Amino acid sequence: MATDEPVDMDRVAVSLLRALRPEVQQAFLDSEEFRSLPAADRERLYVLDASMDAE
């Protein structure tokens, strides 16, 4: 279903990560690829993940 509303890619990323098995989630969070993201970007995803828990 197409929409003109922008997609929140951070929310998509967190939702995809949450859909993975716990050991795969942790492997990604421990990966060089994730660790190479700027700290502010990683923090933004952590904060979004926590806020999704509160919803």
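So, a few notes on the structure that sits alongside this text. (Residues numbered from 1 in each chain as written. Predicted model: local features only at pLDDT ≥ 70, side-chain atom pairs only at ≥ 80, totals over all residues. Heavy atoms only, no water.)

## Digging into a nonpolar patch on the surface
Okay, so step 1: A surface patch of nonpolar side chains, amounting to about 390 Å² of accessible area, comprises V7, M9, V12 and L16.
Okay, so step 2: Turning to its location among the elements, M9 is positioned in helix α1 (residues 9–19).
Okay, so step 3: Taking relative accessible area as the criterion, M9 reaches 54% and is therefore assigned exposed. (Patch = residues over 30% accessible without salt bridge, like charges linked within 9 Å, V, L, I, M, F, W, Y side chains within 5 Å. Areas by Shrake-Rupley, 256 points an atom, 1.4 Å probe, with all protein chains shown as cover. Salt bridge = Lys/Arg side-chain N within 4 Å of Asp/Glu carboxyl O. Helix = DSSP H or I, 4+ residues; strand = E, 2+ residues; numbered from the N terminus. Buried < 20%, exposed > 50% of the residue type's maximum accessible area, 1.4 Å probe, protein only.)

## Topic: the packing of aromatic side chains
Each aromatic ring pair is characterised by the separation of its centres together with the angle its planes make.
Okay, so step 1: Counted under the stated rule, the structure contains 2 aromatic pairs.
Okay, so step 2: Between F28 and F34, the ring centres sit 5.2 Å apart and the planes meet at 55°, which makes this aromatic pair tilted.
Okay, so step 3: Overall, the relative accessible area of 3% leaves F34 in the buried class.
Okay, so step 4: Arranged with centres 6.0 Å apart and planes meeting at 65°, the rings of F34 and Y46 form a pair that is edge-to-face. Of this pair, F34 sits in helix α3 (residues 32–35) while Y46 sits in helix α4 (residues 39–54); the two residues are 12 residues apart in sequence, bridging distant segments of the chain. (Phe/Tyr/Trp six-rings, centres within 6.5 Å; stacked < 30°, edge-to-face > 60°.)

## Digging into the nonpolar core
Okay, so step 1: By size, the foremost hydrophobic cluster in this structure holds 5 residues: V14, F34, L45, L48 and M52.
Okay, so step 2: The greatest single-element share of this core, amounting to 3 residues, is contributed by α4. (Core = buried A, V, L, I, M, F, W, Y, C linked by side-chain atoms within 4.5 Å.)

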